Amino acid sequence: GENVEQHPSTLSVQEGDSAVIKCTYSDSASNYFPWYKQELGKRPQLIIDIRSNVGEKKDQRIAVTLNKTAKHFSLHITETQPEDSAVYFCAARGPNYQLIWGAGTKLIIKP
Amino acid sequence: NAGVMQNPRHLVRRRGQEARLRCSPMKGHSHVYWYRQLPEEGLKFMVYLQKENIIDESGMPKERFSAEFPKEGPSILRIQQVVRGDSAAYFCASSPGRASYNEQFFGPGTRLTVL
């Protein structure tokens with residue numbers, strides 16, 4: 001079945017710098033890749049997603065890239081701000097439309 | 001339009017008791033997914049249901065766990081004879097249909113603590 005790996009598990013960046021989180025997936029049939037942000041004690045919130053027919057998508061300070069050949073996708077956050085501190089999860093759509101999740105990246109923005 | 005509702009938000013059970021978790025999808029959504037999140041970990045898929053049908057239960061333990069989504073009323077995740085390892089946050093998500101790109105909208109979760 002589908003397996004999603006996510007790195008790093010913790011990422012600490014200076015406020016204003018960029019952050020990059022990377023994920024790989026195993027099932028070449030996967031065609032939808034969302035990214036979620038989860039604050040402590042809260043529900044996951046979708047921040048951006050990408051479909052397999054697109055290589056890159058951008059929404060203000062957030063962008064996602066997808067390399068289908070290599071089966072990896074990445075989240076890029078530019079000009080990081082304190083409110084970006086959270087746990088970020090990548091996911092891939094499985095064969096029955098369920099989401100298969102990465103283990104998460106704790107992003108720490110240092111003032 | 002109310003979002004996905006889950007209740008209770010917090011549930012405490014003693015070992016051996018039963019836990020019932022409820023999920024009301026967004027209005028117009030007929031697809032429900034249940035996920036479990038252990039502390040400091042990602043979400044794990046448990047079960048996918050449509051009204052009156054279980055579509056995929058491959059992520060749900062075969063013993064003690066069951067799920068339903070009746071024609072009327074919320075989806076229910078039931079855990080019998082709970083053990084300490086069942087302590088986790090249980091999230092449900094709903095989507096309007098089966099299209100591959102449909103976003104899943106998450107409820108606030110039920111945090112189950114087994115004493």
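This is a predicted model, so every value here is computed, not measured. (Residues numbered from 1 in each chain as written. Chains lettered and ligands numbered in written order. Predicted model: local features only at pLDDT ≥ 70, side-chain atom pairs only at ≥ 80, totals over all residues. Heavy atoms only, no water.)

(A) Representation of the state of the cysteines in the model. All names here are of chain A. Within this structure, the stated rule accounts for 2 disulfides over all chains. There is a disulfide in this structure between Cys23 and Cys90, and the S-S distance comes to 1.9 Å. Between Cys23 and Cys90, the disulfide has an S-S torsion of -100° and is therefore left-handed. On the criterion of sequence distance, the pair formed by Cys23 in strand 3 (residues 19–25) and Cys90 in strand 9 (residues 86–93) is long-range, its members being 67 residues apart. (Disulfide = S-S within 2.5 Å. Helix = DSSP H or I, 4+ residues; strand = E, 2+ residues; numbered from the N terminus.)

(B) Structural detail: the sheet that holds strand 3 of chain A. Residue and element names in this part refer to chain A. What the 5 strands build is an open sheet, ordered 1-3-8-7-6; its pairing is antiparallel. On the outer flanks of this sheet lie strand 1 (4–7) and strand 6 (56–59), each paired with one strand and no other. The average undirected angle you get between the axes of adjacent strands in this sheet is 15°. Across 4 bridges, strand 6 lies against strand 7 (residues 62–67) in antiparallel orientation. By the bridge assignment for strand 7, Lys58 is matched with Ala63. (Pairing = 2+ DSSP bridges. Axes fitted to C-alpha atoms, helices over the stretch in contact; angles between N-to-C directions.)

(C) Summary view of the sheet that holds strand 3 (residues 19–24) of chain B. Residues and elements named next belong to chain B. Pairing in this open sheet of 4 strands is antiparallel, and the strands run 1-3-8-7 from one edge to the other. Looking at strand neighbours, the two that pair on one side only are strand 1 (5–7) and strand 7 (65–68), the edges of this open sheet. Neighbour-to-neighbour, the strand axes of this sheet turn through a mean angle of 15°, independent of strand direction. Bridge count for strand 7 against strand 8 (residues 75–79) is 4 bridges, and the pairing is antiparallel. Looking across to strand 8, one finds that Ala67 is bridged to Leu77.

(D) Structural view of the pattern of salt bridges. Counted by the stated rule, this structure contains 6 salt bridges over all chains. One salt bridge in this structure joins Asp49 of chain A and Lys57 of chain A, with 2.9 Å as the shortest N-O distance. Accessibility expressed as a relative area gives 36% for Lys57 of chain A, which makes it partly exposed. A salt bridge links Asp84 of chain A to Arg61 of chain A; the nearest nitrogen and oxygen atoms lie 2.9 Å apart. One end of the pair, Asp84 of chain A, is in the loop between strand 8 (72–77) and strand 9; the other, Arg61 of chain A, is in the loop between strand 6 and strand 7, with 23 residues separating them in the sequence. Linked by salt bridges that have partners in common, Glu18, Arg20 and Arg78 of chain B make up one network. (Salt bridge = Lys/Arg side-chain N within 4 Å of Asp/Glu carboxyl O. Buried < 20%, exposed > 50% of the residue type's maximum accessible area, 1.4 Å probe, protein only.)

(E) Structural context of the environment of Ile108 of chain A. Residues and elements named next belong to chain A. If you trace the backbone, Ile108 turns up in strand 11 (residues 105–110). When the C-alpha positions of Ile108 and Ile62 are compared, they lie 16 Å apart, and in sequence the two are 46 residues distant. Apart from residues no more than four positions distant in its own chain, Ile108 is found in contact with Thr10, Leu11, Ser12, Val13 and Ser85. (Contact = heavy atoms within 4.5 Å.)

(F) Focus on the packing of aromatic side chains. Per the stated rule, a full pass over the model turns up 13 aromatic pairs over all chains. Relative to Phe73 of chain A, the ring of Phe33 of chain A has its centre 4.9 Å away and its plane inclined at 45°; by these criteria the two rings are tilted. A residue pair is termed long-range when its members are at least 10 positions apart, and Phe33 of chain A in strand 4 (residues 32–38) and Phe73 of chain A in strand 8 qualify at 40 residues. Here Phe33 of chain A and Phe73 of chain A have matching classes, each one buried. Here Trp101 of chain A and Phe106 of chain B contribute two aromatic rings whose centre-to-centre distance is 5.7 Å and whose plane-to-plane angle is 80°, an arrangement assigned as edge-to-face. (Phe/Tyr/Trp six-rings, centres within 6.5 Å; stacked < 30°, edge-to-face > 60°.)

(G) Summary view of the confidence of the model for chain A. In this model, chain A carries an average pLDDT of 94, and 100% of its residues clear a pLDDT of 70 or more. When pLDDT is averaged over each helix and strand of chain A, the minimum, 92, is found for strand 10 (residues 99–101) of chain A and the maximum, 98, for strand 3 of chain A. (pLDDT = per-residue confidence, 0-100.)

(H) Spotlight on the interface of chain B and chain A. Listed as interface residues are 23 residues of chain B and, on the opposing side, 20 residues of chain A. In this assembly, chain B packs against chain A so that about 1,900 Å² is buried in total across both faces, 50% of it on carbon and sulfur atoms. Taken together, the connections running from chain B to chain A amount to 0 salt bridges. Tallied by class, residues from the side of chain B that touches chain A come to 12 nonpolar, 6 polar and 5 charged. (Buried area = accessible area lost by both parts, 1.4 Å probe. Nonpolar A, V, L, I, M, F, W, Y, C, P; charged D, E, K, R; others polar.)

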